[in-house]
Amino acid sequence: MRWTPHAAVACIVEQEGRFLLVEEMAGGKVVINQPAGHLERGESFVGAARRETLEETGWQVEPEALLGMYTYFAPSNGVTYHRFCFIARAVAELPDASLDEGIIRPLWLTRDEMEQHRAQLRSELVTRCVDDYLAGTRYPLDFIQETV
């Protein structure tokens with residue numbers, strides 16, 4: 001069987017010390033994650049980050065920097081994810097937006113509050129990405145070269 005990694009995006013959106021997260025159902029459990037998801041055919045990484053954040057949180061965002069590229073093996077399903085995590089600015093909340101299936105609600109949590117919910121985090125990437133953001137890690141968006 002051919003091994004196929006999954007290309008995914010996520011967004012770090014911070015306002016006044018709180019980070020935009022989602023509470024969602026995954027594997028029959030309620031978990032907390034950044035707004036994140038898979039690229040669709042023909043979609044750019046930045047476009048996927050905008051779309052996924054809107055679909056999962058009801059917030060329009062504008063990616064401003066690449067935080068990093070992360071590889072994560074999920075023991076729960078045996079899938080390797082290649083996650084492109086972006087730093088995005090919140091533009092507008094669309095209160096009537098319908099959220100993706102499995103999304104319970106958007107959340108705004110501080111880093112300390114995330115720690116209090118550690119057992120609910122979908123993976124260690126949730127806090128790792130926030131910690132990298134808080135440490136000042138940033139790459140320009142043109143680091144990613146795409147011909148989509």
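Residues numbered from 1 in each chain as written. Predicted model: local features only at pLDDT ≥ 70, side-chain atom pairs only at ≥ 80, totals over all residues. Heavy atoms only, no water.

Peer 1: Can you explain the layout of surface pockets? Please cite residues and give values.
Peer 2: The computed volume of the largest pocket comes to approximately 680 Å³. If you go around the largest pocket, you meet 31 residues; those closest to its centre are Glu-24, Ala-26, Asn-33, Tyr-81 and Arg-122. Looking at the lining of the largest pocket, the elements with two or more residues in it are strand S1 (6-15), strand S2 (18-26), strand S3 (29-33), strand S4 (36-38), helix H1 (45-57), strand S5 (59-74) and strand S6 (79-93). (1 Å grid on protein atoms, 1.4 Å probe; cavity = no way out; pocket = protein on both sides within 12 Å on 5 of 7 lines; lining within 4 Å. Points joined across faces, edges and corners; volume = space filled by probe spheres on them. Helix = DSSP H or I, 4+ residues; strand = E, 2+ residues; numbered from the N terminus.)

Peer 1: Please give an account of the nonpolar core that cites residues and values.
Peer 2: Within the largest apolar cluster, 24 residues are counted, with the highest numbers of intra-cluster contacts made by Ile-12, Leu-21, Leu-67, Cys-85 and Met-114. Elements with a minimum of two residues in this core: S1, S2, S5, S6, strand S7 (103-109) and helix H3 (125-134). In this structure Leu-21 touches Ile-32, Asn-33, Gln-34, Pro-35, Thr-57, Arg-105, Pro-106, Leu-107, Leu-109, Met-114 and Val-126, once residues within four positions along its chain are discounted. (Core = buried A, V, L, I, M, F, W, Y, C linked by side-chain atoms within 4.5 Å. Buried < 20%, exposed > 50% of the residue type's maximum accessible area, 1.4 Å probe, protein only. Contact = heavy atoms within 4.5 Å.)

Peer 1: Please provide a residue-by-residue account of the environment of Met-114, values included.
Peer 2: Mapped onto the elements of the fold, Met-114 is located in helix H2 (residues 111-116). On the basis of relative accessible area, Met-114 is assigned to the buried category, the value being 0%. With 95 residues separating them in the primary sequence, Met-114 and Phe-19 have C-alpha atoms 9.3 Å apart. Not counting residues within four places of it along the chain, the set of residues in contact with Met-114 comprises Phe-19, Leu-21, Leu-109, Leu-121, Val-126, Thr-127 and Val-130.

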